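Listed here are the chains, written in short residue letters.
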Amino acid sequence: MKSKALHSLFLLGIGLLLSCLECRGQSPELSLREFASGQIKKGVRSIGMGGNGATWGNYALVWRDSSTALIDGGASLYSNNNTFGFTAVGVNTPNLWHGLAIYAIALSQNANNISTSLKSPGLGSEAVAVHGDGSNQAVFIKAAMPLGKGFSFGVLLSYERSQFNAIADNGTGNSVRYVTDWRPSGGFGVTWQPVKRILVGFRGLFNNDWEKRTDNKGLSEGLNSTNEYRLGVSIGLWKGALIDLGGNTRFKYNQIANARQESTQPNIGIEQNLFNRHLAIRTGLDESSQTAGFSIRFQPIVVDVAYVHDLAFARFNNLFGTTSDSFIVTLVFNYQALKKRS
């Protein structure tokens, strides 16, 4: 009886694993978002120290970056020459009613001549090698304000569309096209800072897309949704240093593939500020990806740089390649400083 039970559990585990892998492989246009919009939502500082969007990358803290504008760029380079790049621009209002600040960011991402393997009825009964081009365009609106007694609250509204066109490498001419239509998406965050050395945060993110897959066999369409929850705490260790601890849980459903995926991953990071906070260095672990970064501050300009090895590997495994190196750079300008000088 025990042997049969273990055998059944083993088969169930294999089935769930295959289901998760199929869910990852069915939506390349959504997976490529992890290289761009997934990072924009956390911020370069958080990326460099483990990607914990619940604390210093929380939507609830947007008001602390009031009166700033940014230019953001990033690239992910795979060992098989797959390359993903993005650029973004954003502006944050001055503090408005009761400290409210509203941040708008526009993003554009492109990926050309991407090699991968996809499974679709028009390509055949098994996954086949393909080459394709993808893109992603998005606009994000963040709004946040302090509530008093150390609490802050923020929301995110997002509009995003993605595409991926691929053709089989086997010479058959078979192709597949993935396109998403926007569905209401967004998130919220709350933080609590009872004392200067401690920050506790929670963040929820809800992405919904109506996905269309077109190949030689016709059109398939359905809902693709992801709910993500993050919890974290940041603790000051000594002057200029902090440790950031947290984790995230994701629930994903792809209607076309009829596949569900659930995963829980850690986020761990440390940061040290030097030279009266003109320089900060950081490192961490974002799920299964190693991270590092630094910031240079000379008001009214801040330059943030982050590096991630195998970005988002825990989310879509080797869909685009076995290993990658990603670099994200943000230039932040405090335009309120110009008014103070004049």
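Everything here concerns the structure above.
Residues numbered from 1 in each chain as written. Predicted model: local features only at pLDDT ≥ 70, side-chain atom pairs only at ≥ 80, totals over all residues. Heavy atoms only, no water.

(A) Up close: the overall build of the protein chain. Helix and strand counts for the protein chain come out as six helices and 15 strands. For 342 residues, the compact-globule estimate of 2.2 N^0.38 gives 20 Å, and the C-alpha radius of gyration of the protein chain, at 21 Å, lies within 12% of that figure. Taking the principal axes of the C-alpha coordinates as reference, the protein chain spans close to 65 × 55 × 35 Å. Counting over 342 residues, the protein chain shows a buried share of 49%. The long-range fraction of contacts in the protein chain, counting pairs at least 24 apart against all pairs at least 6 apart in sequence, stands at 61%. As displayed, the protein chain has an accessible area near 15900 Å², and 64% of this comes from carbon and sulfur atoms. (Helix = DSSP H or I, 4+ residues; strand = E, 2+ residues; numbered from the N terminus. Rg over C-alpha atoms; globule rule 2.2 N^0.38 Å. Buried < 20%, exposed > 50% of the residue type's maximum accessible area, 1.4 Å probe, protein only. Contact = heavy atoms within 4.5 Å. Areas by Shrake-Rupley, 256 points an atom, 1.4 Å probe, with all protein chains shown as cover.)

(B) Structural view of the nonpolar core. Core analysis: the biggest nonpolar cluster contains 42 residues, and F35, F84, L118 and F320 have the highest contact counts within it. It is strand β3 (residues 101-118) that contributes the most residues to this core, six residues altogether. Once residues lying within four places of it in the same chain are set aside, the contact partners of F84 are L32, F35, G74, A75, S76, Y78, Q109, N110, A111, I114 and F320. (Core = buried A, V, L, I, M, F, W, Y, C linked by side-chain atoms within 4.5 Å.)

(C) Examining the side chain of N174 more closely. Summarising the element assignment, N174 is placed in the loop between β5 (151-168) and β6 (175-182). Polar contacts involving the side chain of N174 include one to the side chain of T172, which spans 3.2 Å. There is a polar contact of 2.5 Å between the side chain of N174 and the side chain of N216. When residues no more than four places from it in sequence are discounted, the contact partners of N174 are G122, L123, I167, A168 and N216. (Polar contact = N/O pair within 3.5 Å; in protein donor to acceptor, adjacent residues only side chain to side chain.)

(D) Inspection of the side chain of S289 at higher detail. In this fold, S289 is placed in strand β13 (residues 289-298). A polar contact of 2.5 Å, which involves the side chain of S289, links it to the backbone oxygen of D310. Apart from the residues lying within four places of it in its own chain, the contact partners of S289 are G284, V308, H309, D310, L311, A312 and F313.

(E) Structural view of the pattern of salt bridges. Counted according to the given criterion, the structure contains 13 salt bridges. In this structure, the salt-bridge partner of R315 is E34, at a minimum N-O distance of 3.5 Å. Note that R315 is positioned in helix α5 (residues 313-316) and E34 in the loop between α2 (28-31) and α3 (37-40), a separation of 281 residues in sequence. Given a relative accessible area of 12%, R315 falls into the buried group. Across the pair E228 and R230 runs a salt bridge whose closest N-O atoms are separated by 2.9 Å. The class for E228 is buried, based on a relative accessible area of 5%. (Salt bridge = Lys/Arg side-chain N within 4 Å of Asp/Glu carboxyl O.)

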